[in-house]
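# Close look at the chain arrangement
What follows is the residue order along each chain.
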Amino acid sequence: MVPESAPASAPERQPSRAALRGLDALNFTLADVRDGLGPYLAIYLLAVRGPDQGWNEATIGLVMTIAGIAGLVAQTPAGALIDRSRNKRAIVIAAALAVTLSCLVLPWISNFALVAATQSVSAIAGAIFPPALAGITLGIVGPRYFAKQIGRNEGFNHAGNAVSAMLAGGLAYLFGPIVVFWLMGILAALSIGAMLLVPAKDIDDDLARGLDHAEDQGAEQPSGLSLLLRNRHLMLFAGLCAAFHLANAAMLPSVGQLLTKVVGKDYATSLIAICIVAAQLVMVPIAVMVGRKADQFGRKPIFLAAFGFLALRGVLYTVSDSPFWLVAVQCLDGIGAGIFGALFPIVVADLTRGTGRFNVAQGAVATAQGLGASFSATLAGVIIVGAGYSAAFLVLASIAAAGFVVYLLFMPETYGYEPKQGATGGPTAPAAAVPAE
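Residues numbered from 1 in each chain as written. Predicted model: local features only at pLDDT ≥ 70, side-chain atom pairs only at ≥ 80, totals over all residues. Heavy atoms only, no water.

As annotated in an unreviewed UniProt entry, the protein chain carries the name MFS family permease and comes from Methylorubrum rhodinum. According to its UniProt record, the protein chain has this under Subcellular location (unreviewed entry): "Membrane". (UniProt positions renumbered as here; feature names shortened; annotations may be inferred.)

Here it is in structure tokens:
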């Protein structure tokens, strides 16, 4: 078991109540905005547009892949922007507006190129949110309480997703799938108000990029992919994140498409909303638990559990196409994705602490993560068209199982990880973590 104390050199912060309440509100209201239409895009294009307008599982997967590639190209520049920015609140607000507007125009366009373009804009803007929220959090609470606060952030994020999914499911039953567009607009407005609740003066911009003043007065300015390429454990972690999302990203949209075929378009949106709510309700306590226990148990065993539950979920989807079974299995997403969402920024912070490159490193790792996610939809779509849904779920499960094995054998425990001098642009980090005394 890993000691439950942060490194002694971690700077102390005393965040204000207003800043912490603003963070809670921001994570709750931004939950449904940060990912754009998500699985609702697949349902809308398949159920409302359908084959008559040229939309099937393969073309929908291609749109999602194009958007994913656009988003992943933006990840590292987004992280660098957050590292350098002294007005992170304005960047978050601009990104929320861009995501929302790019989705609100979708009911008025049907051309493949235009749909792909709008969703690419949404993905590019959405790349801002992960480094911005993590950076703002680190700048407010400091490294000593970062893991606990990230868990709290993820808890509010998942609670927001659950509430918005319940609203989407109920309203879609009454008014049809198009209602999710208007719900996004309302939540975007609320997220802007929440961002303004966080006082700008409470965000330490140096701490927000992972710079420890006491140790790194002469630290270099954040740069591009060199940090990823010169720290082999950070690069390995990036590859594992790519594998996780290659296995995970297509599962829920594929379940949504399967439900559309099983129960028809009139009920698919409501059922996928139930799937999302079920998973999100599980994610809330999981994320909070991870934030509280990650320093005590270490990161590695918890991350291994995420891979294990993801593989199990893929296999169980093949047992039955009953809507009740599919919703029950989707609850496992709450464990796997709940762990990943809470641990991802914590592990990156471990591997980059003191470098001043936290957010650009997040962007670089998220680029690999996005690469896996963007190809996931196309991979699943092609397999579904050629061999059926069960074959697709089994392939995704096998990818998750491979990720489990690689993490177990080659990824060190990162709590207390101390890179060698020059690890920000020099020698590779040590082979094992050094526990805090």
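### Some details on the packing of helix α6 (residues 129–141) against helix α17 (residues 358–387)
Between α6 and α17, the least distance of the axes is 10 Å, while the angle of their chain directions is 150°. As far as their axial angle goes, α17 and α6 are roughly antiparallel. Here the hand of the crossing between α6 and α17 comes out right-handed. Only Phe358, Asn359 and Gln362 of α17 make contact with α6, whose side of the interface consists of Pro130, Pro131, Ala134, Gly135 and Leu138. (Axes fitted to C-alpha atoms, helices over the stretch in contact; angles between N-to-C directions. Helix = DSSP H or I, 4+ residues; strand = E, 2+ residues; numbered from the N terminus. Parallel < 35°, antiparallel > 145°, perpendicular 65-115°, else oblique. Left-handed = near helix turned anticlockwise from the far one by under 90°. Contact = heavy atoms within 4.5 Å.)

### What to know about the pattern of salt bridges
Opposite charge on two side chains allows them to pair when their charged atoms are near. Using the criterion set out here, one finds nine salt bridges in the structure. In this structure, Asp205 engages Lys88 in a salt bridge whose closest nitrogen and oxygen atoms are separated by 2.7 Å. With Asp205 in helix α9 (residues 205–208) and Lys88 in helix α4 (residues 88–104), this residue pair connects regions lying 117 residues apart in the sequence. Among the ionic contacts, a cluster of salt bridges with common partners joins Arg86, Lys88, Asp205 and Asp206. (Salt bridge = Lys/Arg side-chain N within 4 Å of Asp/Glu carboxyl O.)

### A closer look at helix α11 (residues 232–248)
In a regular helix each residue adds 1.5 Å, so 17 residues correspond to 24 Å; α11 covers 24 Å between its end C-alpha atoms and thus fits that length. With 12 of its 17 residues buried, α11 lies for the most part within the structure. Within α11, the full set of buried residues consists of His233, Leu234, Phe237, Ala238, Leu240, Cys241, Ala242, Ala243, Phe244, His245, Ala247 and Asn248. (Expected span 1.5 Å × (residues − 1). Buried < 20%, exposed > 50% of the residue type's maximum accessible area, 1.4 Å probe, protein only.)

### Observations concerning a nonpolar patch on the surface
Together, Phe404, Val405, Leu408, Leu409 and Phe410 make up an exposed nonpolar region whose accessible area comes to about 480 Å². Residue placement: Leu409 occurs in helix α18 (residues 389–410). (Patch = residues over 30% accessible without salt bridge, like charges linked within 9 Å, V, L, I, M, F, W, Y side chains within 5 Å. Areas by Shrake-Rupley, 256 points an atom, 1.4 Å probe, with all protein chains shown as cover.)

### Topic: the side chain of Ser254
Mapped onto the fold, Ser254 is located in helix α12 (residues 251–263). Residues contacting Ser254, with those up to four places away along its chain left out, are Ala380, Ile384, Tyr389 and Phe393.

### Focus: the side chain of Asn153
Within the secondary structure, Asn153 is located in helix α7 (residues 146–175). Here the side chain of Asn153 touches Asn27 through a polar contact of 3.4 Å, side chain to side chain. Among all residues touching Asn153, those that are not within four sequence positions of it are Leu23, Asn27 and Thr137. (Polar contact = N/O pair within 3.5 Å; in protein donor to acceptor, adjacent residues only side chain to side chain.)

### Side note on the packing of aromatic side chains
This structure, assessed with the given rule, holds 11 aromatic pairs. When the ring of Phe303 is compared with that of Tyr407, the centres are 5.2 Å apart and the planes differ by 20°; the resulting orientation is stacked. Here the residue Phe303 occupies a position in helix α14 (residues 300–316), and Tyr407 occupies one in helix α18, the gap between them amounting to 104 residues. On the basis of relative accessibility, which here comes to 1%, the residue Phe303 falls in the buried class. A relative accessible area of 0% means that Tyr407 is categorised as buried. Among the aromatic side chains, those forming a connected cluster through ring pairs are Phe237, Phe244, Phe303, Phe307, Phe340, Phe344 and Tyr407. (Phe/Tyr/Trp six-rings, centres within 6.5 Å; stacked < 30°, edge-to-face > 60°.)

### With respect to the packing of helix α1 (residues 17–29) against α6
At a minimum axis distance of 11 Å, the contact between α1 and α6 shows a crossing angle of 165°. One element, α1, and the other, α6, form an angle in the roughly antiparallel class. Remark: the crossing between α1 and α6 carries left-handed chirality. Contacts between α1 and α6 pair Ala19, Leu20, Leu23, Leu26 and Asn27 from the former with Leu133, Ile136, Thr137, Ile140 and Val141 from the latter. Looking at side-chain class alone, the contact of α1 with α6 contains eight nonpolar, two polar and no charged residues. (Nonpolar A, V, L, I, M, F, W, Y, C, P; charged D, E, K, R; others polar.)

### Notes on α17
Side chains three or four residues apart in an α-helix point the same way, a direct result of the helix having 3.6 residues per turn. Here α17 spans 42 Å end to end across 30 residues, near enough to the 44 Å set by a 1.5 Å rise per residue. Ser376 marks where α17 bends most, by close to 25°. Among the residues trailing α17, Gly388 stands out with phi positive, at a value near 105°. (Bend = angle between axes of the 7 residues up to and from the residue.)

### Looking at the confidence of the model for the protein chain
Summarising the model, the protein chain shows a mean pLDDT of 80, and 84% of its residues fall at 70 or more. Mean pLDDT across the secondary structure elements of the protein chain bottoms out at helix α10 (residues 226–230), with 66, and peaks at α18, with 95. For the stretch residues 1–8, pLDDT sits under 50, and the model shows 25 contacts to residues farther than four places along the chain or on other chains. (pLDDT = per-residue confidence, 0-100.)

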